[in-house]
Amino acid sequence: MDSSRRRILQLLGISALALTTRPVLNAFTKEARAAEAEAVIKAGAKSLKARQWAMVIDTRKFESEADLEPLVDACHKVHNVPRLQNKNHEIKWIWGTHYHNAFPGKAAQFVAESVEQRPFLVLCNHCENPPCVRACPTKATWKRESDGIVFMDFHRCIGCRFCIAACPFGARSFNYRDPRPFIAEINKKFPTRMKGVVEKCNFCAERLAVGQLPACVQASDGALAFGDLYNPASDVRKLIKTNYTIRRKQTLGTEPSVYYIV
Amino acid sequence: MNNKALIVTGVVIFLIIVLFPFWYMRGKAAPAPEVELTPRAKAAQKCVRSTEYMRAEHMQLLDLWRDSVVRESKRIYINPEGKEFNMSLSNTCLDCHSNKAEFCDRCHNYASVRPYCWSCHIDNPKEKT
């Protein structure tokens, strides 16, 4: 066979041309397909909007842990949060805790008895500067630009638990076991989680999307207020303006969005 | 070549074993599965998109839905005909196709794909779990 340099170069040229035809044809078909049908994706018309959602909890309205129970139940029921007896495996989105656990530190040696003995409702603070987000290696948790919610993408969570270590509020729980058998009554409108993912409060993003307030706020009978932190006319801002409020571990600089009236 | 007989028999036995699935199942291809539609799905006539599109691209569609809802907080899908849908696997897809075993599973089993959607998403919003 004649294998002159010219012949080989010709063959190479033709082969290169042949290799490029497929991508070019593919691009054309894709264009044709895009032109024939266009679907639109948008947010629901009824969805509530804010720059940064925030919550104000009037702790004066809660006297014992029993007062918090309906709120916790409302949340855990609607989000299919399992109830595990083993404390190490416990999953919590919102729960009640003691003053010294909610507000540790050396701010005051002696506190008013009524405050010290009051139960404090704690949940994810949806910080404006969330350390958990910086710890996540897969962007499974991130701060939503649209409304400031620190959101979780369970599809993307690899269960490394860096976020649990990073969160100073203990707001995140890990599914050490398959949670399904431990959910008493499954809410079929909301997914469950699977073994190996982290979960936490989502400020009821799925309810805000259809124009409803968070489940705990709805169940609180006015003790909890919810609104936009950057709207001076919002319920939360009005309460913050007229009441003395504190936030958890303020000195850490995470800028929590949950305020407590004491 | 020494041991010619031995080598040839070895090769023949090897081929028989390697090609076992082909000669054993010769002419008996497993029939393609028939998916069953619920009366409601039948009455609707058309899914979110055309049947051909859904058959070929439902996984891409679901992927798009997941990303739009979870990561972009957009929950409404308007198909080319202008009909609105709430992008939800459990609440929209399975509301109509409430027979996962006869609809989803048959094809998935045949194609030997095991989507793990159902480890979190409720399989059937209407059925008791």
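Just above sits the structure.
Residues numbered from 1 in each chain as written. Chains lettered and ligands numbered in written order. Predicted model: local features only at pLDDT ≥ 70, side-chain atom pairs only at ≥ 80, totals over all residues.

What about the overall build of chain A?
Link 1 in the chain: Scanning chain A from N- to C-terminus turns up nine helices and eleven strands.
Link 2 in the chain: The C-alpha atoms of chain A give a radius of gyration of 26 Å, which is well past the 18 Å a tight globule of 262 residues would have.
Link 3 in the chain: Once the C-alpha set of chain A is aligned to its principal axes, its extents read approximately 100 × 40 × 40 Å.
Link 4 in the chain: Relative to its full complement of 262 residues, chain A shows a buried share of 34%.
Link 5 in the chain: At a minimum sequence separation of 6, the contacts of chain A that also span at least 24 residues come to 66%. (Helix = DSSP H or I, 4+ residues; strand = E, 2+ residues; numbered from the N terminus. Rg over C-alpha atoms; globule rule 2.2 N^0.38 Å. Buried ≥ 20, exposed ≤ 12 C-beta atoms within 10 Å, placed from the backbone. Contact = placed C-beta atoms within 7 Å.)

Considerations on the overall build of chain B
Link 1 in the chain: On a plain count of helices and strands, chain B comes out with six helices and two strands.
Link 2 in the chain: Helices (α) and strands (β) of chain B occur, in sequence order from the N terminus, as α-α-α-α-β-β-α-α.
Link 3 in the chain: Principal axes of the C-alpha set define a box for chain B whose edges measure 75 × 35 × 35 Å.
Link 4 in the chain: For chain B, with 129 residues in total, the buried portion stands at 11%.
Link 5 in the chain: Contacts in chain B between residues at least 24 apart in sequence constitute 60% of all its contacts with a sequence separation of at least 6.

So, the interface of chain B and chain A
Link 1 in the chain: Each partner contributes to the interface: chain B provides 20 residues, whereas chain A provides 22 residues.
Link 2 in the chain: The set of elements that each furnish at least two residues to the side of chain B that touches chain A consists of α4 (51–72), β1 (76–78) and α5 (89–96) of chain B.
Link 3 in the chain: Per element, the largest residue contribution to the side of chain B that touches chain A is four residues, and it comes from α4 of chain B.
Link 4 in the chain: Residue composition of the side of chain B that touches chain A, grouped by class: eight nonpolar, eight polar and four charged.
Link 5 in the chain: Sheet topology note: the strand β1 (residues 40–42) of chain A/β1 of chain B ladder contains three bridges and is antiparallel. Opposite Val40 of chain A, over in β1 of chain B, you have Ile78 of chain B as the bridge partner. (Nonpolar A, V, L, I, M, F, W, Y, C, P; charged D, E, K, R; others polar. Pairing = 2+ DSSP bridges.)

Things to note about unusual backbone geometry
Residues and elements named next belong to chain B.
Link 1 in the chain: The residue Asn3 is not glycine, and still its phi comes out positive at about 50 degrees.
Link 2 in the chain: Assignment of secondary structure puts Asn3 in the segment before α1 (4–18).
Link 3 in the chain: We note that Ser112 has phi near 55 degrees; this positive angle belongs to a residue other than glycine.
Link 4 in the chain: Tracing the backbone shows Ser112 in the segment after α6 (100–110).

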